[in-house]
Amino acid sequence: MQNALLLSEEQLALQDTAAAFLAEFANARKPRDEDARLWRRIAELGWPAVQVPENLGGLDMGAVELALLMEEMGRRLIRSPYFASVVLAQTALLHAGGAVAQERFLPELASGEVTATLILAPGLVWAPDAIRIECRRHGDGWVMSGEAPQVLDDGSAAMAFVAARTEDGFGLFHVSANAPGVERSPLDVWDLTRPQCAWRLRNVRLDPGARVDAPGKLEVGLARTVSLAALQLAAEQVGGAAACLDMTLAYTKERVQFGRPVASFQAVKHRCAEMMVRLETARSAVRGVAASVDCQEDAQALACEVAVARVLASDAYRYCAQEAVQLHGGVGFTWEYDPQLHFKRAQWGSQWLGTASVWRERVATQLLDLA
Amino acid sequence: MQNALLLSEEQLALQDTAAAFLAEFANARKPRDEDARLWRRIAELGWPAVQVPENLGGLDMGAVELALLMEEMGRRLIRSPYFASVVLAQTALLHAGGAVAQERFLPELASGEVTATLILAPGLVWAPDAIRIECRRHGDGWVMSGEAPQVLDDGSAAMAFVAARTEDGFGLFHVSANAPGVERSPLDVWDLTRPQCAWRLRNVRLDPGARVDAPGKLEVGLARTVSLAALQLAAEQVGGAAACLDMTLAYTKERVQFGRPVASFQAVKHRCAEMMVRLETARSAVRGVAASVDCQEDAQALACEVAVARVLASDAYRYCAQEAVQLHGGVGFTWEYDPQLHFKRAQWGSQWLGTASVWRERVATQLLDLA
Amino acid sequence: MNETAFRAEVAGWLARELKGEFACLRHRGGPGDEEAFPTLRKAWERKMAEGGWVGAAWPQEHGGRGLPLELQLAFHEEYVRAGGPGRMGHIGETLLAPTLIELGTPEQQRRFLPGIRAGREFWCQGYSEPGAGSDLAAITTRCWQDGDVWRVQGQKVWTSLAHESDWIFVIARSTPGSVGREGLTFLLMPLDQPGIEIQPIRQMTGEAEFNAVFFDGASTDAGCIIGKPGEGWRVAMALLGFERGASTLGQQMHFVHEMQVVVDAAIATGAAFDPTLRERIADAWIGLRALRHNALRMLAGNSGSVRPESLMYKYAWSNWHRDLGQLAMDVLGTAGDVRSEDDAVRRLQQVFFFSRADTIYAGTNEIQLNIIAERALAMPR
Amino acid sequence: MNETAFRAEVAGWLARELKGEFACLRHRGGPGDEEAFPTLRKAWERKMAEGGWVGAAWPQEHGGRGLPLELQLAFHEEYVRAGGPGRMGHIGETLLAPTLIELGTPEQQRRFLPGIRAGREFWCQGYSEPGAGSDLAAITTRCWQDGDVWRVQGQKVWTSLAHESDWIFVIARSTPGSVGREGLTFLLMPLDQPGIEIQPIRQMTGEAEFNAVFFDGASTDAGCIIGKPGEGWRVAMALLGFERGASTLGQQMHFVHEMQVVVDAAIATGAAFDPTLRERIADAWIGLRALRHNALRMLAGNSGSVRPESLMYKYAWSNWHRDLGQLAMDVLGTAGDVRSEDDAVRRLQQVFFFSRADTIYAGTNEIQLNIIAERALAMPR
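Just so we're clear, the structure is a prediction, and the values are computed from it rather than from any experiment.

Okay, unusual backbone geometry next. Keep in mind that most residues, glycine aside, have a negative phi and that most peptide bonds are trans. If you check the backbone angles, Asp-60 of chain A has positive phi at about 60° while not being a glycine. The topology assignment puts Asp-60 of chain A in the loop between helix H2 (35–44) and helix H3 (63–75). You can call Asp-60 of chain A partly exposed: its relative accessible area is 47%. With a phi close to 60°, Leu-353 of chain B is a non-glycine residue in the positive phi region. Its place among the elements puts Leu-353 of chain B in the loop between helix H9 (339–351) and helix H10 (356–369).

All names here are of chain C. The assigned domain composition of chain C is domain 1 (3–88), domain 2 (123–231) and domain 3 (244–376). Here the C-alpha centre of domain 2 lies 29 Å away from the C-alpha centre of domain 1. Across the boundary between the two partners, domain 1 contributes nine residues, which contact five residues of domain 2. Summing both sides of the interface, domain 1 and domain 2 together bury roughly 650 Å²; the carbon and sulfur share of this comes to 46%. Taken as a group, Glu-34, Glu-35 and Lys-42 account for 63% of the area that domain 1 buries against domain 2, more than any other trio of residues on that side. Here Lys-42 makes a salt bridge to Glu-164, at a shortest N to O gap of 3.5 Å. Here domain 1 and domain 2 share five residue pairs in polar contact (both at pLDDT 80 or more) between them. The residue makeup of the side of domain 1 that touches domain 2, split by class, is three nonpolar, two polar and four charged.

All names here are of chain D. Looking at chain direction, strand S2 (residues 142–146) and strand S3 (residues 149–156) are connected through five bridges and run antiparallel. If you follow Trp-144 over to S3, its bridge partner there is Arg-151. Here S2 folds back onto S3, and the loop between the two strands holds two residues, one of which, Gly-147, carries a positive phi near 70°. With eight bridges joining them, S3 and strand S7 (residues 210–221) adopt antiparallel strand pairing. By the bridge assignment for S7, Gln-153 is matched with Asp-216.

Another point: the packing of aromatic side chains. Here the structure, examined in full by the defined rule, presents 64 aromatic pairs over all chains. Judged by centre distance (5.2 Å) and plane angle (65°), the ring pair of Phe-22 of chain D and Trp-44 of chain D falls under edge-to-face. Here Phe-22 of chain D, found in the loop between helix H1 (3–17) and helix H2 (38–50), pairs with Trp-44 of chain D, found in helix H2; they are 22 residues apart in sequence, far enough to count as distant. Between Trp-123 of chain D and Trp-167 of chain D, the aromatic rings sit 5.4 Å apart at their centres with planes inclined by 25°, giving stacked as the arrangement. Of this pair, Trp-123 of chain D sits in strand S1 (residues 123–126) while Trp-167 of chain D sits in strand S4 (residues 167–173), placing them 44 residues apart in sequence. As far as the burial class goes, Trp-123 of chain D and Trp-167 of chain D line up, both buried. Three or more aromatic residues joined by ring pairs make a cluster, and in this case those are Phe-6, Trp-13, Phe-22, Trp-44, Trp-53, Phe-75 and Tyr-79 of chain C. In this structure, Arg-260 of chain A is placed above the aromatic ring of Phe-265 of chain A, and the distance from its NZ or CZ to the ring centre is 4.0 Å.

So, how was this worked out
Residues numbered from 1 in each chain as written. Chains lettered and ligands numbered in written order. Predicted model: local features only at pLDDT ≥ 70, side-chain atom pairs only at ≥ 80, totals over all residues. Heavy atoms only, no water. Helix = DSSP H or I, 4+ residues; strand = E, 2+ residues; numbered from the N terminus. Buried < 20%, exposed > 50% of the residue type's maximum accessible area, 1.4 Å probe, protein only. Domains from an automatic or database assignment. Contact = heavy atoms within 4.5 Å. Buried area = accessible area lost by both parts, 1.4 Å probe. Salt bridge = Lys/Arg side-chain N within 4 Å of Asp/Glu carboxyl O. Polar contact = N/O pair within 3.5 Å; in protein donor to acceptor, adjacent residues only side chain to side chain. Nonpolar A, V, L, I, M, F, W, Y, C, P; charged D, E, K, R; others polar. Pairing = 2+ DSSP bridges. Phe/Tyr/Trp six-rings, centres within 6.5 Å; stacked < 30°, edge-to-face > 60°. Lys NZ or Arg CZ within 6 Å of the ring centre and 35° of its normal.

Have a look at this one:
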């Protein structure tokens, strides 16, 4: 048995490079018009290609490498299309897409030349009943209508892959952002590091090749996409939680009250220790699950394993962000200090791709109902 | 508006007397054969009579006085038939019993000469579907069969009031403990301050007057009984939680580690403060609810109000008992120190008369489903 | 006066007056929403004053109605039930005025109470400093007598509504070289003067209802100190003692409103069917009822000299409120991500964000637990 | 050796041997159940030794099989999967023996390792004292050289299985007047001598698997101290360092078994349909998986010099286990009130009660958090 948690030299090097690069180029406090430049740098580093097969222009790495990058991006609150384009759209294409669509879209997405997003049921869950977008046959092609009120898209996505209801089931379709009938409007979101748009689709004409799902792979592929994306979200949350702990340690070691550093008060020490316990537990879970998912075939078993990372990381991030606000005292509540950025992103992330409750119930079902 | 939380001089005096008496006569660490003597003293003080109307030999006090006594008994971990006989059996007679039965049984129960217990569905909930005891017509009278595997009875109860299934519904019946066919065996329980027996009823013949419920009052009366008993259990739990905090304070102020009293460590201080917050919140709730229940007619509204006291007190007691064990360090885990007594009783009390979850769901139903 | 009749009087007055130009104020203002309609809310304060509702709890000799506790409670409950807006004048009315009545000179009372009573002079509080937050006694702002006036030099912070106020009360160090609670003096200062600069502090929502207040030789006349020089700590603490009065039940009625908004949202979004959220909603309601029982117990005052229910009250309500904010956002789900114009959603988002300040200002959670441990439980320092 | 073949070997051996007279030992023993069949479990240790499984992780030159980490893990997993009983010899095999191998003299190794390896000599631990619990360095038990022997005077406490052991290792103060970690010496003492008295400590379940051990001039020969006089603290800490080895995964397999018993009980009692309990069961399972990931990360050892996952491991597993015990009782409901002869119920009740000791012994929760804050987070004392 090889210990799956042992990182290779290459993995450790990737992590170090990412940490150094992102420390320099973190953009959460910079104007939005810097974002495109950061994205070009990220593309140059090859990060959009990590999980794409070599023959489609990718680096053919696995969930572990992607998770290491996501953790570092989470730590630095990076605002970029990476989550939407790589973690969501690419993953959907890889697991639910047909070979033709993969060949058509993955090379350009891997290069970072263009970016995409993914539209499923609201909140990015795989729940067919909740899919609101309809796609009807129209001549050789299709016509699509409906609304996606909240899409993870900073306005730069060139395309969306859209799960839509068809006359006889569901399909995954490619929709170009500039197709006639597509109307996209930015939303005034609390978490400014995670921009969203509303997409409205009014009788959008799609060509015959717009349907991208491989026959028979849609349901399993999208369920798998949600699981894998939730795992990567967990990795990002671990990075965020780590940043919360780090900034709290730095602040409390510096801040003096009652003649001593706040960090020397035992109650503060225990609170920070509790942050660490939750954070490192989540980190162990993310690393361990990431090391196993690529060989986990069964969708329900995969969901249970991902639940471990998802529940612990989401809760750890919320906890650490809340504690960071509290332990910064008055300034923790201000715009100028960073705890609020994490606090908002932690809340954001707790609601997408299934809440912790949803993932717990998946585990409960497996343990208690299917036993 | 009179502030309902203001205790009268008489109420404060009752509380003081009870505290002084019980501090002297606490029996949790004494042999079981002392129990009868303590019960006689309790009867002499008139406590079994507090909630009984004056014309039936009672003191005609209310839920507030009963709660003050229960709190003090909980603090001292008193082992006595009080809970079974007064809080359960008397309350059932008062709210579900007919006038004849009240006149027949309440005077002797109020005097403390004899004691009774109550048998409902397992765990002492009002859940008709779960009632396992059957009572069939037999000539003028009745014949009863079934098992009550866990009854709050130290073996001294002279009678039980038993909710049983009849040919056409349910009834509440008086069963004498020494009636032929009644077999009672003590159980080996963890919480030695709260003895239990199994009652087995095999074709027990009951006379025509054994049915004690007043026409049309059974369901509402027993639901009300469970609510009022749960409130008094909450009062007892508040007393227990207070004892846990007191003993933890005493121990940590005395115990020296690292050259200073353990109580001077900030983390310990905050933990004790948190105990106090939960305890005093529960105490405020018990006092406030007790002051209002006697005029609360609607069963569902009563249940919601009682839920406040029940949930907070049950959780506070478990929390404080757990913390008492932990903050006593090694000795907290031993037989010789008292935290274990409370730890066991807190667990006991969390499972009877409906768990905190059950009471929360009552509130949720009222707020969310019936709105 | 009979309580039922009194409640009818309050409700009737509010029904007549809280409409027309004031209708938009219903359920607005208060912590987290102080930037809503400040000018109109000042007009509302004058309207309230005309109705005889400002200072109604004060003794009659100071211009009040000498309302007994139970009628004060009734007033607050009716006020919030009718959606009465957050009070611009509450710092003057419920904190400074009782302090003036207890510790001020007759001259100070004559000078300041009428402006508060009329809803025309608004006050704010200058306690915390950048280096004196939890450790309030670490104050470094200085003050000294300079002929007929006292002067102040230094900086205060977390001053709510300073930009909307006329006066500030300040605690500052008058004895050079003194430390801790000694050598402090309590001053009343007019804000509109060249030596004072007010800078907004942007909070996590992007709004700014707190301020930093800079004093650069700012002056006030010598009659404007309460107590003697050097007694400032005692005065400052007496003032804070008035925070736990009957108005706590008014605050709770705001919470009752917010609780209902959460329940309505849960029913609307379907969160009411989620077992975890159901349980949390029930817990929130239970906690709110317990706050009420606790406040009544606190006001009954028969729990002995330690009064644990008073010492824990701030900790209890602020954490309850913070939890409610988290629950509210979880009920909203992803829709909570977006800033909303919908009154209900906006309110819940405000609770979520602003309640984070509740556990920090006026003594952080950590300070509250220290106080409980040391005062209520007599645990050693 | 190929892991699959090795697992088959372990499983095969257990299937052959853990039956007949030993069948009643399945899933018995271990913390909370140490009073179960002690004599038979000692016989089982000898059986294990004959099979070559005792000390299998030790280097071959010390009589072990030099099993690499992954095969140690495989062994523990297969052992617990088969219901292998709690190991009477684990303190000797996994704590003292590695310490002897690292810090003992060749003579000490020759003298003590064979008895452990053969499953014939059993060890217990003498660290804590009534006045030295969390503050372990406050030890007052004294020791001194007296001709050819060392003598010990004082009291140790919380010694598991002392009444079933042959030897105890003791840390005692050899330098009169020394304080803290200085002046301590680490001694190996035979228990069966007039100067030692063992008194059981009754725990909350009524059972007694801990003891107080009284030393009244008890002696051991001078060759029985590890390290030099005065170096006892270093030796004692080195020994504790071996607690986080591969056997942690064996412990986790016990937890896996307990988790399954809880799940089975929930299905049987209907607790599986209670939304709150469902969620807690899911959380317990999630926490258990996370413990496993964390242990593997700890054993991989590539998390830098601080190794947060190691520093927090004891805190994490003990609190997980304590929560499982509470969950188990809540799943049982009122039936949990009664002492049961049913194996599953008894196991769950043991977990509930005994896991309360988990967060206390070997460094309380509070000490663990101090260690995390100071060592992993470099927060000031």
